[in-house]
Amino acid sequence: MPLNDWLGVDLGGTWLRWGGASSGRLRLEDRSPEAILDHLITVSEGRGVAVSFAGWLCPEGRRVMQGPNLGWVDVPFVEMAAARGLNCHLENDLDARAWGEYMALETREPRSLIALNAGSGFALGLVVQGQLVRGFHHRAGEVGHLVLGPADRRCGCGDLGCAETLLGGAQNPPDRFDDPSQRQAWLDLAARIVAPVVAALDPHHVVGVGGILAHRPDLLRDLEQEIKGLLPRRWFDDFSLRVSVGESLALAGVVDLARHSEALRNGN
Ligand SMILES: [Zn+2]
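Residues numbered from 1 in each chain as written. Predicted model: local features only at pLDDT ≥ 70, side-chain atom pairs only at ≥ 80, totals over all residues. Heavy atoms only, no water.

## Side note on the coordination of the zinc ion
Part 1 of the reasoning: Coordination of the zinc ion by the protein involves His145 (ND1), Cys155 (SG), Cys157 (SG) and Cys162 (SG), with metal-donor separations of 2.0 to 2.3 Å.
Part 2 of the reasoning: Coordination at the zinc ion is tetrahedral: its 4 donor atoms span angles of 105 to 116 degrees at the metal.
Part 3 of the reasoning: Of note, the zinc ion draws all its donor residues from one chain, in the sequence arrangement H-x9-C-x1-C-x4-C. With a gap of 12 residues between them, histidine 145 in the loop between strand E11 (131-132) and helix H4 (164-167) and cysteine 157 in the loop between E11 and H4 connect regions that are remote in the sequence.
Part 4 of the reasoning: Taking the relative accessible area as the measure of exposure, histidine 145 reaches 19% and is therefore buried.
Part 5 of the reasoning: Overall, cysteine 157 belongs to the buried group, its relative accessible area being 15%. (Donors = N, O, S within 2.8 Å, 3.2 Å for Na, K, Ca; no water. Tetrahedral: all angles 85-135°; square planar, octahedral: opposite > 155°, others 65-115°. Helix = DSSP H or I, 4+ residues; strand = E, 2+ residues; numbered from the N terminus. Buried < 20%, exposed > 50% of the residue type's maximum accessible area, 1.4 Å probe, protein only.)

## Observations concerning the pairing of strand E7 (residues 72-75)
Part 1 of the reasoning: Relative to E7, strand E6 (residues 64-67) runs antiparallel, the two being bridged by 3 bridges. When the bridges of E7 are listed, valine 64 appears paired with valine 75.
Part 2 of the reasoning: From the end of E6 to the start of E7, which pair antiparallel, there are 4 residues, and glycine 71 there has a positive phi angle of about 75 degrees. (Pairing = 2+ DSSP bridges.)

## Brief notes about a negative patch on the surface
Part 1 of the reasoning: Taken together, the side chains of Glu29, Asp30, Glu34 and Asp38 make up a negatively charged region of the molecular surface.
Part 2 of the reasoning: Inspection of the secondary structure puts glutamate 34 in helix H1 (residues 33-44).
Part 3 of the reasoning: With relative accessibility at 38%, the residue glutamate 34 sits in the partly exposed group. (Patch = residues over 30% accessible without salt bridge, like charges linked within 9 Å, V, L, I, M, F, W, Y side chains within 5 Å. Areas by Shrake-Rupley, 256 points an atom, 1.4 Å probe, with all protein chains shown as cover. Salt bridge = Lys/Arg side-chain N within 4 Å of Asp/Glu carboxyl O. Lys, Arg positive; Asp, Glu negative; His and termini not counted. Charge placed at Lys NZ, Arg CZ, Asp CG, Glu CD.)

## A look at the packing of helix H3 (residues 93-105) against helix H8 (residues 249-265)
Part 1 of the reasoning: Between H3 and H8, the least distance of the axes is 7 Å, while the angle of their chain directions is 95 degrees. In terms of orientation, H3 and H8 fall into the roughly perpendicular class. Between H3 and H8, the residues in contact are Asp93, Asp95, Ala96, Arg97, Trp99, Gly100, Glu101, Met103 and Ala104 and Leu249, Ala250, Ala252, Gly253, Val254, Asp256, Leu257 and His260, respectively.
Part 2 of the reasoning: Taken together, the residues that form the contact of H3 with H8 break down as 9 nonpolar, 3 polar and 5 charged. (Axes fitted to C-alpha atoms, helices over the stretch in contact; angles between N-to-C directions. Parallel < 35°, antiparallel > 145°, perpendicular 65-115°, else oblique. Contact = heavy atoms within 4.5 Å. Nonpolar A, V, L, I, M, F, W, Y, C, P; charged D, E, K, R; others polar.)

## What to know about the pattern of salt bridges
Part 1 of the reasoning: A complete count under the given rule lists 12 salt bridges for this structure.
Part 2 of the reasoning: A salt bridge links arginine 47 to glutamate 45; the shortest N-O distance between them is 3.5 Å.
Part 3 of the reasoning: Across the pair arginine 63 and aspartate 74 runs a salt bridge whose closest N-O atoms are separated by 2.7 Å. Of this pair, arginine 63 sits in the loop between strand E5 (56-57) and E6 while aspartate 74 sits in strand E7; the two residues are 11 residues apart in sequence, bridging distant segments of the chain.
Part 4 of the reasoning: On the basis of relative accessibility, which here comes to 35%, the residue aspartate 74 falls in the partly exposed class.
Part 5 of the reasoning: Connected through shared salt-bridge partners, Asp178, Arg183, Arg216, Asp218 and Asp222 make up one network.

## Concerning empty space enclosed by the protein
Part 1 of the reasoning: Under the definition given, this model contains 1 cavity of 30 Å³ or more.
Part 2 of the reasoning: Roughly 60 Å³ of internal volume is contained in the largest cavity.
Part 3 of the reasoning: Along the walls of the largest cavity sit Asn92, Leu94, Asp95, Ala123, Leu124, Val133, Arg134, His138, Arg139, Ala140 and Glu142, which together make up its complete lining.
Part 4 of the reasoning: Sorting the residues of the lining of the largest cavity by element identifies H3 and strand E10 (122-128) as the ones contributing at least two each. (1 Å grid on protein atoms, 1.4 Å probe; cavity = no way out; pocket = protein on both sides within 12 Å on 5 of 7 lines; lining within 4 Å. Points joined across faces, edges and corners; volume = space filled by probe spheres on them.)

## Quick word on the pairing of strand E4 (residues 48-53)
Part 1 of the reasoning: With 6 of 6 residues buried, E4 is to be regarded as a mostly interior element.
Part 2 of the reasoning: Burial of the side chains of E4 extends over both faces: Gly48, Ala50 and Ser52 are buried on one face and Val49, Val51 and Phe53 on the other.
Part 3 of the reasoning: In this structure, strand E1 (residues 6-11) lies alongside E4, joined through 6 bridges in parallel fashion. When the sheet's bridge partners are listed, leucine 7 is paired in E4 with valine 49.
Part 4 of the reasoning: For E4 and strand E8 (residues 88-92), the ladder comprises 5 bridges, and the chain directions are parallel. Bridging across to E8, alanine 50 finds its partner in histidine 89.

## Side note on the layout of surface pockets
One simple way to see leftover space: roll a probe sized like a water molecule over the atoms.
Part 1 of the reasoning: There is about 1,200 Å³ of room inside the largest pocket.
Part 2 of the reasoning: Of the residues belonging to the lining of the largest pocket, the class tally is 17 nonpolar, 21 polar and 9 charged.
Part 3 of the reasoning: Looking at which domains feed residues into the lining of the largest pocket, each of domain 1 (6-93 + 248-265) and domain 2 (95-243) supplies at least three.
Part 4 of the reasoning: Estimated volume of the second largest pocket: approximately 520 Å³. (Domains from an automatic or database assignment.)

Dropping the structure here:
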């Protein structure tokens, strides 16, 4: 069976964006799965759609278990697409971005990369020795939901007390970091969460992505120093954090992951 031609799509809470030669976007007035599938069928022009979205998938990657920005809970999106004749591959948006960042390295040697997302959410995308790590529950890297926040504050995931309620963009408009104590509190918690993962994986690259770091690039060096301050000193002397604003890399990543997945299904 020949490999499909895939269209990379970013499904956000407000916008649907797609890449390739006919790239474009449209504002989502109706966020129902049915309405979004109608749009996807139109823009796909007969291709498969590789969809990157903010949320969690079932372990098989075919159902959206939770899509907070869309208000979706347990939506069998891949099956719904198939019933309409649309071939669909789903990925968590940070997984897609981490893979896109990894592809951009153009390395021949298998390397490890952490994509540290500080945007509306706070999470890590993980590529370990050239393999994207999605995890058993498709939740690898979801460190923003560690219970390190205020016990009475509700997170977008539905739970109380997640670290993301302190670290996420909704609580941290850019000017909040002008207050030295707020800024330091954010840096302390972010570093405390990220440093153990850096110590565990000893990655070649750590790339900062997301709106907070894009709007406040001055945080980058301080976060790097805070993380470094928690790592074993002699071994992580060269630890560095860089920021990437390559938003389109998530689309390249999700298309490549769709191709990999299809090749695996076809036994190639
Ligand atoms: Zn949470």
